[in-house]
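Close look at the chain arrangement
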Protein chains: 2
Amino acid sequence: MTKRKLNSTFTLNESFLTECDLTYAVNKIGGRWKILIIDKLSDQKLRFSELNKIFPLITERMLTLQLRALECDGLVKRTVYAEVPPRVEYELTPMALEFLPIFKQLSAWGNKHKGLTK
Amino acid sequence: MTKRKLNSTFTLNESFLTECDLTYAVNKIGGRWKILIIDKLSDQKLRFSELNKIFPLITERMLTLQLRALECDGLVKRTVYAEVPPRVEYELTPMALEFLPIFKQLSAWGNKHKGLTK
DNA sequence: CGGCATCCAGGATGATACTG
DNA sequence: CAGTATCATCCTGGATGCCG
């Protein structure tokens, strides 16, 4: 986690920030595409190219990065098949599945209040 | 919303992304400090300087920006009192209050899985 | 097919100084 | 007190090209 100098004499660890479970959780899904990816994986395994096809606007690089981040955060499981041509499948982990109900509520909340702001 | 050129011949509006209620919701609270601010405002009104004192690491500028964003998104209500010295109080809107339960679940989820990843 | 490496633009964030 | 203005910096994400 980043630190920040105070008065040039000492640094204050920002752990009190990361200790916030919410910040922690939101950061995990804060990427621009992560939520979309999780949503698509919620009921099926998908290959890299399939995801890329579903989201034509995401670049391969970003898809890679976001998938890696999700994998690193334990939300997505990556399975590589030693075949030719290579095949890689992505699926949600139990941790991510637990998140889906919250996901739904968030979605409902977003839907309810969408467009109410100027 | 940003657009992106496709084949240099036309642009595809990314509305299909913003149509995702989840993305919409997460973007609202995606700021670095927004969640902390909402959390602190969940049970009390607070003045600008009080918030600034609670989060010593946030700069006045960022606090202003995040509060403005929250206000713009209809999550925070800003009340200015015509006094000397000036006084401004911030409080959550009903929309934000509706969000608190989800907030709690997210927090619990984050807490449960915190530290499980490498 | 499923990436990674490199370069780069723009937005987010920070430091600092000033004001109604 | 509660900001605003300005400049500097960092980081995210995009474009493009190469590789096992």
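See the structure above.
Below or above, wherever it landed, is the structure these notes cover. Being a predicted model, the structure only gives us computed values, none of them experimental.

Parameters and conventions
- Residues numbered from 1 in each chain as written.
- Chains lettered and ligands numbered in written order.
- Predicted model: local features only at pLDDT ≥ 70, side-chain atom pairs only at ≥ 80, totals over all residues.
- Heavy atoms only, no water.
- Helix = DSSP H or I, 4+ residues; strand = E, 2+ residues; numbered from the N terminus.
- Buried < 20%, exposed > 50% of the residue type's maximum accessible area, 1.4 Å probe, protein only.
- Contact = heavy atoms within 4.5 Å.
- Areas by Shrake-Rupley, 256 points an atom, 1.4 Å probe, with all protein chains shown as cover.
- Pairing = 2+ DSSP bridges.
- Near = heavy atom within 4 Å.
- Polar contact = N/O pair within 3.5 Å; in protein donor to acceptor, adjacent residues only side chain to side chain.

**Re the overall build of chain A**
When its secondary structure is counted, chain A shows six helices and five strands. Helices and strands in chain A line up, N terminus first, as β-β-α-α-α-β-α-α-β-β-α. Looking at chain A as a whole, 42% of its 118 residues are labelled buried. Considering only contacts within chain A whose residues lie at least 6 apart along the sequence, 43% involve residues at least 24 apart. Here chain A displays about 6500 Å² of accessible surface, and carbon together with sulfur accounts for 55% of that area.

**Some thoughts on the pairing of strand β5 (residues 87–92) of chain A**
Residues and elements named next belong to chain A. Most of β5 is tucked away: six of the six residues are buried. Burial of β5 is two-sided: the residues Arg87, Glu89 and Glu91 facing one way and the residues Val88, Tyr90 and Leu92 facing the other way are all buried. Direction of pairing for strand β3 (residues 46–47) relative to β5: antiparallel, over a ladder of two bridges. Bridged to Leu46 within β5 is Tyr90. The pairing of strand β4 (residues 76–81) with β5 spans six bridges and is antiparallel.

**Looking at the protein's contact with DNA strand D**
Around DNA strand D, the surrounding shell holds 21 residues, and the nearest of these are Arg32 and Arg61 of chain A together with Ser49, Arg78 and Tyr90 of chain B. At the protein interface, 62% of the atoms of DNA strand D within 4 Å belong to sugar or phosphate. Contacts to DNA strand D include Arg47 of chain B, whose side-chain N or O atom sits 2.9 Å from a phosphate oxygen. Between a phosphate oxygen of DNA strand D and a side-chain N or O atom of Tyr90 of chain B, the distance comes to 2.5 Å.

**Let's talk about the protein's contact with DNA strand C**
Taken together, the neighbourhood of DNA strand C is formed by 21 residues, with Thr64, Arg78 and Tyr90 of chain A together with Arg32 and Arg61 of chain B sitting nearest. Within 4 Å of the protein, atoms of DNA strand C come from sugar and phosphate in 67% of cases. One of the side-chain N or O atoms of Tyr90 of chain A is found 2.5 Å from a phosphate oxygen in DNA strand C. Between a base oxygen of DNA strand C and a side-chain N or O atom of Arg61 of chain B, the distance comes to 3.1 Å. Secondary-structure elements contributing two or more residues to the surface near DNA strand C are α4 (48–54), α5 (60–72) and β5 of chain A together with α5 (60–72) of chain B.

**Description of the sheet that holds strand β5 (residues 87–92) of chain B**
The three strands are arranged β3-β5-β4 (chain B) in an open sheet whose pairing can be described as antiparallel. Of all the strands in the sheet, the pair left with one neighbour each is β3 (46–47) and β4 (76–81) of chain B.

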